[in-house]
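A look at the structure
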Amino acid sequence: MSELKVFYNPSLQENLSYRHLVENCTVEPDTGLLLLPVCITFKGLTEIFQKYREGKLSIKVIVTTVLEVIEKSVKTTEVVFEGIRETVTAKQLVEADIISETVLEDLKKGKTSVKKVIEDENLNMYLKGKGCIAGILLPDSRIMTIYQARQKGKLMPGTALILLEAQAATGFIIDPIGNRKFSVDDAVKAKIVGPDVCQKLRSAERAVIGYKDPYDGKIISLFQAMQKDLILKDHGIRLLEAQIATGGIIDPVNSHRIPVHVAYKREYFNEEMNQILDDPSDDTKGFFDPNTLENLTYLQLMERCVTDPSTGLCLLPLKSKSKKINIDDHMRETFQTTTVTVKYGRFKGKHTTLWDLINSEYLSEDKRQEFFKLFKGEVSVVDLLDLGIVDEKTYNCLVDGKMTSTEVMKIDSVRTYLQGTSCVAGLILQPSNQKLSIYEGQRAGILTPGTALCLLEAQAATGFIVDPVNNKKLTVEQALREKVIGPQMYEKLLSAERAVTGYTDPYTGQKISLFQALTKDLIVRQHGIRLLEAQIATGGIIDPLKCLHLPLEVAYRKGYFDAELNQILTDPTDDTKGFFDPKTKENLTYMDMLGRCVKDKETGLCLLTLNDKPKASSSSGKSWLAISSCCSV
């Protein structure tokens, strides 16, 4: 039987070459095979059916013939994947050390499919990369393209251009609203970017499609173009770093990303450049965070982005300028040099700086500003007037410039409400005059664990854990890291610290005060009374929203205190005297404890006077039982 001519274009009335045939094919997503369009027909179909009607061919022979043609077509068709801009063959992926020869053979034999192979995240990354910074997320949750943000004044022109160049150099210009990808020219047509940036973005796009070597006309990579001085080094480094951060260096000839060792082999990268990108200086941090005004690497900036749940795109959140608290250099340096380990999310099990953590997706913008406000203790003069901390006359003097904030802070009552007075900060031993922290006193056997815990909870509930030796105020987290407290008391002190930072109402999710938490039975009543009494003794009840002490009448008005509890604290009984004097073995109020302290001449801190060595006595067991009952230790 003569061979069937199966690849025929009826409109042109001619056989197609293999090249033209492939150009008219589409990729089948499940198998990766090239499929012929419906216009491709069997030229000998009429002849076959004519022979069938004449009885010269059976239906079985026709089926066998057609299946043989299809099988031959499948075996001679290459398995292909979708790359960045072009299709990629399985053979190309083998040559790039992305898939193995075994996988290639399984694809050819039909033992596996493209759909199954690309389930491998690593392979998918080399083919399509990870998401770049696709757009901007505004404080009101609106999404903007990078170019829109520039046009609306949300981003500076230079910042916007650099982010758009990174998009172009990593694959496509992104429309985060419609979840669409464009080449640069198509992005201009779709008005995703303006014509004013078109030429610069076309230049950046060559990092994907390749640069043309002016000497031999060949297509070369971004790194090779840098080496031949076809682009500026700083510009090239920025684009290379964006490629690596989003999945790897792009091979423009083969339209996919490649492993580093393959990039070395193909001379698309070298050790010197790898070192530069591994250890970036300010000179090579080519991207700008519009929120913190820092120069960052592209990877660092991506880590400060959030993921759009509906599209999976990476969005850079812009912070509200009206709510933004200015961060001074000292504050920034403190956060940048403080490392933490996180148990959950992207940083799980990793050491990261507090600064990177604060500026990541872990914290909402409101929480972030709340944290800065807590750390800095910044409050507006309007707040001070509203809370009755300054009067109208002082307020007007401040507004008119007749008084400075420094002068206002010198007013005793204002300073007390804003900063509080000293808690029982530590111990001073006599006659040696040695200063100890509360925890050191416990470890030395001078304080029982229950007594020490009560005093440390009072510190946490009035602002900070205090290191009286070094005159430092620390959060509970910092105190544990600096060994000012022990790990066995960490969770209880975190709970006490919420008297300052606020409790979360389980019904509404809103932040509530210590007293409100007490009335909702979120904490044990006796424990809450002890912490409230410590706050009142050191300046007043703390407003966790404003991070300051309140006058009593304002606390009443805001629902942070009431007359019944005021009566309990005004006329304390032994049941409500929640603190223990280790020297006299008495149960005392916190105010009474403070009255038995001395003020350290160097620091102004209140220190409890005790003897150098604990005195052994038969009453030691009795005092331990008394204090353990009131502290629930």
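Residues numbered from 1 in each chain as written. Predicted model: local features only at pLDDT ≥ 70, side-chain atom pairs only at ≥ 80, totals over all residues. Heavy atoms only, no water.

Taking an unreviewed UniProt entry as the reference, the protein chain is identified by name as Epiplakin 1 belonging to Stegastes partitus. UniProt's Sequence similarities (unreviewed entry) comment on the protein chain is quoted here verbatim: "Belongs to the plakin or cytolinker family." Its UniProt record, at the heading Subcellular location (unreviewed entry), says of the protein chain: "Cell junction". (UniProt positions renumbered as here; feature names shortened; annotations may be inferred.)

**Some remarks on the packing of helix α9 (residues 157-170) against helix α11 (residues 198-209)**
When two helices pack together, you describe them by how their axes are tilted relative to each other and by the distance separating the axes. In the contact formed by α9 and α11, the axes pass within 6 Å of each other and the chain directions differ by 35°. For the crossing formed where α9 meets α11, the hand is right-handed. Note on element contacts: α11 touches α9 through Lys 200, Leu 201, Ala 204, Glu 205, Ala 207 and Val 208, opposite Leu 161, Leu 164, Glu 165, Ala 168, Ala 169 and Thr 170. Across the contact of α9 with α11, the residue classes tally to 8 nonpolar, 1 polar and 3 charged. (Axes fitted to C-alpha atoms, helices over the stretch in contact; angles between N-to-C directions. Helix = DSSP H or I, 4+ residues; strand = E, 2+ residues; numbered from the N terminus. Left-handed = near helix turned anticlockwise from the far one by under 90°. Contact = heavy atoms within 4.5 Å. Nonpolar A, V, L, I, M, F, W, Y, C, P; charged D, E, K, R; others polar.)

**Some details on the packing of aromatic side chains**
Counted by the stated rule, this structure contains 6 aromatic pairs. Between the aromatic rings of Phe 223 and Phe 269, the centroid separation amounts to 6.4 Å while the plane-to-plane angle is 75°, which identifies the pairing as edge-to-face. Of this pair, Phe 223 sits in helix α12 (residues 222-227) while Phe 269 sits in the loop between α14 (260-265) and α15 (271-278), placing them 46 residues apart in sequence. In this structure Phe 223 comes out as buried when scored by relative accessible area, which is 4%. Ring geometry for Tyr 556 against Phe 561: centres 5.8 Å apart, planes inclined by 25°, an arrangement best described as stacked. You can call Tyr 556 partly exposed: its relative accessible area is 32%. The rings of Phe 223, Tyr 264 and Phe 269 are connected pair by pair, giving a single aromatic cluster. (Phe/Tyr/Trp six-rings, centres within 6.5 Å; stacked < 30°, edge-to-face > 60°. Buried < 20%, exposed > 50% of the residue type's maximum accessible area, 1.4 Å probe, protein only.)

**What about the packing of helix α29 (residues 525-537) against helix α31 (residues 563-570)?**
The N-to-C vectors of α29 and α31 enclose an angle of 75°; their axes lie 11 Å apart at closest approach. By the angle between their directions, the pair α29 and α31 is classed as roughly perpendicular. Contact residues: α29 offers Arg 525, Ile 529, Leu 532, Glu 533 and Ile 536, while α31 offers Glu 564, Leu 565, Ile 568 and Leu 569. Looking at the contact of α29 with α31 residue by residue, the class counts come to 6 nonpolar, no polar and 3 charged. (Parallel < 35°, antiparallel > 145°, perpendicular 65-115°, else oblique.)

**Some words on the confidence of the model for the protein chain**
Looking at the protein chain as a whole, its pLDDT mean stands at 82, while 82% of the residues score no less than 70. Across the protein chain, the element-wise mean pLDDT spans from 30 in helix α33 (residues 620-631) up to 97 in strand β9 (residues 173-175). The low-confidence segment residues 1-16, where pLDDT is below 50, has 33 contacts with residues more than four positions distant or belonging to other chains. Confidence over residues 614-633 falls short of pLDDT 50; this stretch has 27 contacts with residues more than four positions distant or in other chains. (pLDDT = per-residue confidence, 0-100.)

**Focus on the environment of Asn 471**
Checked against the element boundaries, Asn 471 lands in the loop between β23 (465-467) and β24 (472-474). Assessed through its relative accessible area of 44%, Asn 471 is described here as partly exposed. Separated by 133 residues in the primary sequence, Asn 471 and Gly 604 place their C-alpha atoms 9.4 Å from one another. Apart from the residues within four sequence positions on either side, Asn 471 is in contact with Thr 603 and Leu 605.

**Here we look at the sheet that holds strand β17 (residues 306-307)**
Across a sheet, strands are paired by hydrogen bonds formed along the backbone, either parallel or antiparallel in direction. As summarised here, the arrangement of the 4 strands in space is β8-β7-β18-β17, forming an open sheet in which the pairing is mixed. Across the chains shown, the open sheet's two edge strands, defined by having one partner strand only, are β8 (143-144) and β17. Across 2 bridges, strand β7 (residues 133-137) lies against β8 in antiparallel orientation. The residue of β8 that forms the bridge with Ile 136 is Met 144. (Pairing = 2+ DSSP bridges.)

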